[in-house]
Amino acid sequence: MEKRAQSDGEMLKGTLDMMVLRTLVTGDAHGHTIAKVIERTSENVLDVEQGSLYPALHRLEDRGWVSSYWGASENNRKAKFYRLTAAGKKQLVRETNRWRQMARAIALVMGEKLPAEGDTE
């Protein structure tokens, strides 16, 4: 079981920034909410640890892809909220396109039968 968690963590590390940006498309959120949305939308396959999430949020903020501000959480506690910036939206498009290209390439290597790129089937 530990082996699976380790490989999931490695996969997550490479895509966490993109998933955080995607989560913020729907609106501002604090870290706990971001983690829960990723977990819920992945049908609980992905477990976002605080030790990965908060460094990712700081990295995204340093790059200008998210901004942050202090506000009150649902239970009226002080929380730092994150907001997607215009630069973050552009980065999300780039990351999504790169991810789709990589997912397609991996599927081809794994023997999946895929329509040719550009086909609308």
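Residues numbered from 1 in each chain as written. Predicted model: local features only at pLDDT ≥ 70, side-chain atom pairs only at ≥ 80, totals over all residues. Heavy atoms only, no water.

1. Some words on the overall build of the chain
Link 1 in the chain: A tally of helices and strands in the chain yields four helices and three strands.
Link 2 in the chain: Along the chain, helices and strands appear, N-terminal first, in the series α-β-α-α-β-β-α.
Link 3 in the chain: Considering the chain as a whole, with its 121 residues, one finds that 31% of them fall into the buried category.
Link 4 in the chain: Expressed as a percentage of contacts within the chain between residues at least 6 apart in sequence, the contacts between residues at least 24 apart total 47%.
Link 5 in the chain: Summed over its atoms, the accessible surface of the chain is roughly 8,600 Å², and 52% of this surface lies on carbon and sulfur atoms. (Helix = DSSP H or I, 4+ residues; strand = E, 2+ residues; numbered from the N terminus. Buried < 20%, exposed > 50% of the residue type's maximum accessible area, 1.4 Å probe, protein only. Contact = heavy atoms within 4.5 Å. Areas by Shrake-Rupley, 256 points an atom, 1.4 Å probe, with all protein chains shown as cover.)

2. A short note on the sheet that holds strand β3 (residues 78-84)
Link 1 in the chain: In spatial order, the strands read β1-β3-β2; together these three strands make up an open sheet with antiparallel pairing. Here the strands that pair on one side only, and so sit at the sheet edges, are β1 (29-30) and β2 (66-72).
Link 2 in the chain: Strand direction decides the pairing type here: β1 and β3, joined by two bridges, are antiparallel. The partner of A29 across the bridge, within β3, is Y82. (Pairing = 2+ DSSP bridges.)

3. Points about helix α2 (residues 31-41)
Link 1 in the chain: Restricting attention to buried positions, one finds in α2 the residues G31, I34, A35, I38 and E39. Along the axis of α2, the buried residues cluster in a sector spanning 130 degrees; they form a single face. Those residues of α2 that are exposed and aimed more than 90 degrees away from the buried face are R40 and T41.
Link 2 in the chain: Once α2 ends, the next one or two residues include E43, with phi positive near 55 degrees. (Arc of directions from axis to C-beta.)

4. A closer look at the packing of α2 against helix α3 (residues 50-62)
Link 1 in the chain: Orientation of α2 relative to α3, taken along the N-to-C sense of each, is 115 degrees, at an axis distance of 11 Å. Between α2 and α3, the angle falls in the class roughly perpendicular. As for the relative orientation of α2 and α3, their crossing is right-handed in sense. Along its contact with α2, which presents G31, H32, I34 and A35, the element α3 presents L53, Y54 and L57. (Axes fitted to C-alpha atoms, helices over the stretch in contact; angles between N-to-C directions. Parallel < 35°, antiparallel > 145°, perpendicular 65-115°, else oblique. Left-handed = near helix turned anticlockwise from the far one by under 90°.)

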